[in-house]
Amino acid sequence: MRTPQEPGVATVVAAREGDQRALDELVAGYLPLVYNVVGHALSGHADTDDVVQETMLRAVHGLSGLRDPASFRSWLVVIAMNQVRDRHREHLHAPVGDDALADLADPGADFVDLTIVRLQLSGQRREVVEATRWIGEDERELLSLWWLEAAGRLTRAEVAEAVGLSPQHTAVRVQRMKAQLDAARTVVRVLRHTPRCPGLDDVVSDWDGHPSALWRKRIVRHSRECARCERAFTDLAAVEGLVARLPLVPVPLGLEVLPLPADPATLTGIAAQGTAVRGTTHGQLTGFAKFWASSAAKPIAAAAAAAVVAGVVVVVPLVRQDDVATAAAPLTTASIPSAPPASSQPVSTSPSATSSSSPAPASTTTPVPATTQAPVVAAPPVRPVARSAKKGVSTWHFDGVTRAIGDVGAGWYYNWATNRENVAAPDGTEYVPMIWGAKTVTRANLDTARREGTTLLGFNEPDLAEQSNMSVEQALELWPQLQATGMRLGSPAVAHGADTPGGWLDRFLSGAKARGSRVDFITLHWYGSDFSAAAVGHLKNYLEAVHARYGLPIWVTEYSLMDFSGGSVRYPTQSELAAFARDSSAMMEGLSYVERYAWFALPADKPGTGLYLPGGTPNAVGEAYRSTTS
């Protein structure tokens, strides 16, 4: 999906081999793409230009290690997203001073305003752009990529590679992000409407005026319940159609880039020291520097060349030595990839890319003169959270539930209900509602579920008398009401025998197909009575059999080790359970057709297979499950 303005593979090859004219063309051709990715992801924060510069510097320096020239664009986009995430991590723990507040308030740095003005947007297109202020940080990163996909500038495979997920999981994330964006569009509408609803004025009476995900939720909740404001939900055009024909936002002439020395070692030395380049003239530029200064015919880089000729000081963004050293390393979620797998094929179901945390930058220890002061004992390091979009938990309320959901690194959770009830989770953790049984199929419950999420789980263990206890025919009769929500639907979750011909699930899916009903994925429960290492293989065999029979994605919404064969439930030891939690979750991360999985259960407030003790502290099993990442 390369656009005519973007140089092709031949240019990448020539630039990699040292052709200065090709390198000139390559960076000038791809700078608008990088600027738009970063601009949308950072919502035009004042750091946008710095992150763009950093991305281009790293790409130029790492180009020689790029093994597949055809993958240049996806490689470049991954570098850009890694820099965006680095910026988010650095600012997350940074103290907020006057300078930071000034950056956030700088209207000249607002990418939303720049987009509206430069593309002369109006109507619903303008609303979409303004709504991007109201979505969360993670969703904004995905939006920055999906926006360019919708505009025909990136492929879904490139988007998936940049976020470190399979195309299938990326599609799920995109749907969730679009739902948030549509909700944010209604926020833009009701806040702009004059005269404003008095009830809305009460809701926002203590709002500080800064868009946020929290205030989006509050305003949307009011709008859904208010007869006057609910009209904002009507007449929303499909966002894909609004974005599809939008051009890229032009790169501002003030975006200055650094003239680079021909010798990579010189680049590394300059970058490591944060050195400024002063008084350089066009005639003094050599090697890569000529590329940056010889672009008078290219408006994108002309301002930078002029700044160099005039002797303007251009500050070099800091390049960490460990990042430079990994320029040819395999892709991780926080390092620079130099050879990602080339992928410009249509979307397909494939295993999630395994990602890992980037090692901490190497530090140089400076000798300190001996003193008579007592040594300072360093605080324990903060443990990184191993996050996974697949990994989830089933839970009920207990002391420390919010802390536990965040600490375990779950991408989603559910509580067998249509709403969160008293189970709060950190921002960015998806809640998935459920219609538990026949008695919960009511208009009020379905409306609540639609407000709470974009995916709906079907009936809970209808094949067991002590659970929802439903016949296949009853479930089929009620299913159209779940389908009418427009949500993505998971099948009823049978307790066992999902792969059995003529079993409860088999008859339900056959009946749904005959009636033209929709089932988007299979929902499963599994409990193993073999507590040995073979349990992981038993679970995998079951999943493979179910997938082979129906060919649909799978969500494992309850699973653990429990033996129900005796008079009472028998549980494994903590060490047996911890080994299974670690190995089974890693196994499912590697299965492309398993979209989600959730351990039973998060709380360890009673004997069983729980992960977290009251107060939100993990036990040995929780530590093992916590270690799983995508």
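The following refers to the structure shown.

A word on unusual backbone geometry. Of the consecutive residues Thr-194 and Pro-195, the connecting peptide bond is found in the cis state with omega at -5°. Along the chain, Pro-195 falls in the loop between α10 (167-192) and α11 (198-203). Residue Ala-601 is bonded to the preceding Phe-600 through a cis peptide linkage, with omega at 0°. Mapped onto the elements of the fold, Ala-601 is located in the loop between β10 (594-599) and β11 (612-613). Unlike most non-glycine residues, Trp-416 shows phi in positive territory, near 65°. By relative accessible area, which is 18% here, Trp-416 ends up buried. A positive phi is found at Glu-421, a non-glycine position, where the angle reads about 50°. Note that Glu-421 resides in the loop between β4 (410-414) and β5 (430-431).

Right, let's get into helix α3 (residues 48-62). Between the first and last C-alpha of α3 there are 21 Å, a value that for 15 residues agrees with the 21 Å anticipated at 1.5 Å per step. Burial analysis of α3 places 12 of its 15 residues in the buried class, which makes it a mostly covered element. All of the buried residues along α3 are Thr-48, Val-51, Val-52, Gln-53, Glu-54, Thr-55, Met-56, Leu-57, Arg-58, Ala-59, Val-60 and Gly-62.

By the definition in use, this model includes 22 aromatic pairs. Judged by centre distance (4.4 Å) and plane angle (20°), the ring pair of Phe-521 and Trp-555 falls under stacked. Here the residue Phe-521 occupies a position in the loop between α21 (504-515) and β8 (522-528), and Trp-555 occupies one in strand β9 (residues 554-561), the gap between them amounting to 34 residues. Of the residues examined, Phe-521 reaches a relative accessible area of 0% and is grouped as buried.

Let us look at the nonpolar core. Judged by nonpolar contacts, the single largest core of 66 residues is most densely connected at Leu-543 and Tyr-559. Considering every element that reaches this core, the biggest residue donor is helix α22 (residues 535-550), with 7 residues. Excluding residues that lie within four positions of it along the chain, Leu-543 makes contacts with Leu-524, Ile-554, Val-556, Met-587, Met-588, Leu-591, Tyr-593 and Val-594. Counting residues in hydrophobic clusters, the runner-up holds 64 residues, among them Val-12, Ala-15, Leu-23 and Met-56.

Throughout the structure, instances matching the rule amount to 17 salt bridges. Here Asp-427 makes a salt bridge to Lys-217, at a shortest N to O gap of 3.8 Å. On the criterion of sequence distance, the pair formed by Asp-427 in the loop between β4 and β5 and Lys-217 in helix α12 (residues 213-225) is long-range, its members being 210 residues apart. Residue Lys-217 is classed as partly exposed on the basis of its relative accessible area, which comes to 39%. Arg-515 serves as the salt-bridge partner of Glu-477, at 3.1 Å between the closest nitrogen and oxygen. You can see Glu-477 sitting in helix α20 (residues 472-483) and its partner Arg-515 sitting in helix α21, a full 38 residues away along the chain. On the basis of relative accessibility, which here comes to 53%, the residue Glu-477 falls in the exposed class. Three or more residues are tied together by salt bridges with common partners; here these are Glu-127, Arg-189 and Arg-192.

Turning our eyes to something else, we now look at the side chain of Ser-560. Topologically, Ser-560 is positioned in strand β9. Taking relative accessible area as the criterion, Ser-560 reaches 0% and is therefore assigned buried. With residues up to four places along the chain from it excluded, the contact list for Ser-560 reads Trp-526, Tyr-527, Gly-528, Leu-577, Phe-580, Trp-599, Phe-600 and Thr-609.

Bringing the sheet that holds strand β3 (residues 388-394) into the picture now. Within the open sheet, the 6 strands sit side by side as β5-β4-β3-β10-β9-β8. Their pairing is parallel. Single-partner strands in this sheet number two, and they are β5 and β8. Sheet topology note: the β8/β9 ladder contains 7 bridges and is parallel. For Gly-528, the partnering residue across the bridge sits in β9 and is Leu-561.

A separate point is the environment of Pro-462. Within the fold, Pro-462 resides in the loop between β6 (455-457) and α20. Each C-alpha atom, one on Pro-462 and one on Gly-437, is 7.5 Å from the other, the two residues being 25 residues apart in sequence. With near-sequence residues (within four places) excluded, Pro-462 lies in contact with Ser-468, Asn-469, Met-470, Pro-492, Ala-493, Val-494 and Trp-504.

This part is about the side chain of Thr-429. In this fold, Thr-429 is placed in the loop between β4 and β5. Relative accessible area serves as the criterion here: at 11%, Thr-429 is assigned to the buried category. Contact partners of Thr-429, with chain neighbours within four places excluded, come to Ile-405, Ala-410, Gly-411, Trp-412 and Tyr-413.

Our next topic: a nonpolar patch on the surface. A cluster of nonpolar side chains, namely Phe-564, Val-569 and Tyr-571, defines an oily patch on the protein surface of about 270 Å² accessible area. By the element assignment, Tyr-571 lies in the loop between β9 and α23 (574-589). Take Tyr-571: its relative accessible area is 35%, and that puts it in the partly exposed class.

Two elements in contact, α10 and α12, have axes whose closest approach is 9 Å; the angle formed by their N-to-C orientations is 75°. As summarised for this structure, α10 and α12 are arranged roughly perpendicular, according to the angle between their axes. Residues Gln-180, Ala-183, Ala-184, Thr-186, Val-187, Val-190 and Leu-191 of α10 form the contact with α12, whose own contacting residues are Arg-216, Ile-219, Val-220 and Ser-223. By residue class, the composition of the contact of α10 with α12 is 7 nonpolar, 3 polar and 1 charged.

Thresholds applied
- Residues numbered from 1 in each chain as written.
- Predicted model: local features only at pLDDT ≥ 70, side-chain atom pairs only at ≥ 80, totals over all residues.
- Heavy atoms only, no water.
- Helix = DSSP H or I, 4+ residues; strand = E, 2+ residues; numbered from the N terminus.
- Buried < 20%, exposed > 50% of the residue type's maximum accessible area, 1.4 Å probe, protein only.
- Expected span 1.5 Å × (residues − 1).
- Phe/Tyr/Trp six-rings, centres within 6.5 Å; stacked < 30°, edge-to-face > 60°.
- Core = buried A, V, L, I, M, F, W, Y, C linked by side-chain atoms within 4.5 Å.
- Contact = heavy atoms within 4.5 Å.
- Salt bridge = Lys/Arg side-chain N within 4 Å of Asp/Glu carboxyl O.
- Pairing = 2+ DSSP bridges.
- Patch = residues over 30% accessible without salt bridge, like charges linked within 9 Å, V, L, I, M, F, W, Y side chains within 5 Å.
- Areas by Shrake-Rupley, 256 points an atom, 1.4 Å probe, with all protein chains shown as cover.
- Axes fitted to C-alpha atoms, helices over the stretch in contact; angles between N-to-C directions.
- Parallel < 35°, antiparallel > 145°, perpendicular 65-115°, else oblique.
- Nonpolar A, V, L, I, M, F, W, Y, C, P; charged D, E, K, R; others polar.

Function cannot be read off these values alone, since they describe shape.
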